[in-house]
Amino acid sequence: MGAALEPSVVRAAGRDPRAFETFYLATVNDVIGFFTRRVPDPHQVADLTADVYLAVLTSAHTYRESRGSPRAWLFGVARNVLFGYLRTSAAERDKQRRVQGRRLLDSDDIDRLAGRIDAARASHRLYAALAALPDSERAIFELVALDGLAPTEAAAVLGIRAATGRVRLHRARRTLRTELADLDPALARRLDELETTR
């Protein structure tokens, strides 16, 4: 910094364009020097310098002379900007290191992943619909649809008459077909097939 800056100029820099210009012209070479000693990329030096002065615009009113000179305050701002950049830069390098040598997703992978997400969403709806069934209907449906028993076998497992089992199974399928009709036409066909094959 060339001439010493008045604290009032620093505090006014956030709201008075002339005070900001005075502050900027008196300090910009010091800020550039601060970053050129720490960052090898000249484009990044320019970006970091701009970030410092953006921070000055929003925080100049917080400067207190009792906490140090305007130069010390400005270098504190520059240091915070630098640490933010280094943290972000380190996180980006860490991400790149972790990805390095790994195959990134291509469009087929993304399509398969989207399909799995859709299937998981559909299965959540199916589980919710099953959970909403009365226990007696859900029990026979699970024995038939999931465990592969014939309706008469499922009724025997549950200790009910075969006709009662068929009625409960029909109600469960009808409820599920209604609840899940918009989800997947193939599921509705599968429920119909279960109805006719057993």
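So, here is what we can say about the structure in this document. Since this is a predicted model, take the numbers as computed values, not measurements.

1. Describing the overall build of the chain
Stage number 1. Looking only at helices and strands, the chain has nine helices and zero strands in total.
Stage number 2. Start at the N end of the chain and walk to the C end: the helices and strands fall as α-α-α-α-α-α-α-α-α.
Stage number 3. In the chain, the proportion of contacts linking residues at least 24 apart, taken out of those at least 6 apart, comes to 56%.
Stage number 4. Accessible surface computed for the chain: about 12900 Å², of which carbon and sulfur atoms make up 54%.

2. Notes on helix H6 (residues 135–146)
The α-helix advances 3.6 residues per turn, and as a result positions three or four apart in sequence lie on the same side.
Stage number 1. Here H6 is 12 residues long and its end C-alpha atoms lie 15 Å apart, about the 16 Å a rise of 1.5 Å per residue gives.
Stage number 2. The set of residues buried in H6 consists of Glu137, Arg138, Ile140, Phe141, Leu143 and Val144.
Stage number 3. Positive backbone phi, at 80°, marks Gly148, one or two positions downstream of H6.

3. Some details on the pattern of salt bridges
For side chains of opposite charge, pairing can occur when their charged atoms come near one another.
Stage number 1. Scanning all chains against the criterion turns up two salt bridges.
Stage number 2. The salt bridge partner of Asp30 is Arg71, with a shortest N-O separation of 3.1 Å. Linking Asp30 in helix H2 (residues 17–36) with Arg71 in helix H4 (residues 70–99), this pair joins segments that are 41 residues apart in sequence.
Stage number 3. Between Asp135 and Arg138 there is a salt bridge, and its shortest N-O distance comes to 2.5 Å. Taken together, the residues span about one helical turn, with Asp135 and Arg138 both in helix H6 at a distance of three residues.
Stage number 4. Among the residues examined, Asp135 registers a relative accessible area of 57% and is labelled exposed.

4. Observations concerning the nonpolar core
Stage number 1. The biggest cluster of nonpolar side chains holds 24 residues, and the ones touching the most others in it are Phe23, Phe35, Val52, Tyr53, Val56, Trp73 and Leu74.
Stage number 2. For this core, the secondary-structure elements that each account for two or more residues are H2, helix H3 (42–59) and H4.
Stage number 3. Looking at this core, the element that brings in the most residues is H4, giving seven residues.
Stage number 4. If sequence neighbours within four positions are ignored, Val52 has contacts with Val31, Phe35, Leu74, Val77, Ala78 and Val81.
Stage number 5. Membership of the second largest hydrophobic core comes to 12 residues, among which are Leu133, Val144, Ala154 and Leu176.

How each quantity is defined
- Residues numbered from 1 in each chain as written.
- Predicted model: local features only at pLDDT ≥ 70, side-chain atom pairs only at ≥ 80, totals over all residues.
- Heavy atoms only, no water.
- Helix = DSSP H or I, 4+ residues; strand = E, 2+ residues; numbered from the N terminus.
- Contact = heavy atoms within 4.5 Å.
- Areas by Shrake-Rupley, 256 points an atom, 1.4 Å probe, with all protein chains shown as cover.
- Expected span 1.5 Å × (residues − 1).
- Buried < 20%, exposed > 50% of the residue type's maximum accessible area, 1.4 Å probe, protein only.
- Salt bridge = Lys/Arg side-chain N within 4 Å of Asp/Glu carboxyl O.
- Core = buried A, V, L, I, M, F, W, Y, C linked by side-chain atoms within 4.5 Å.

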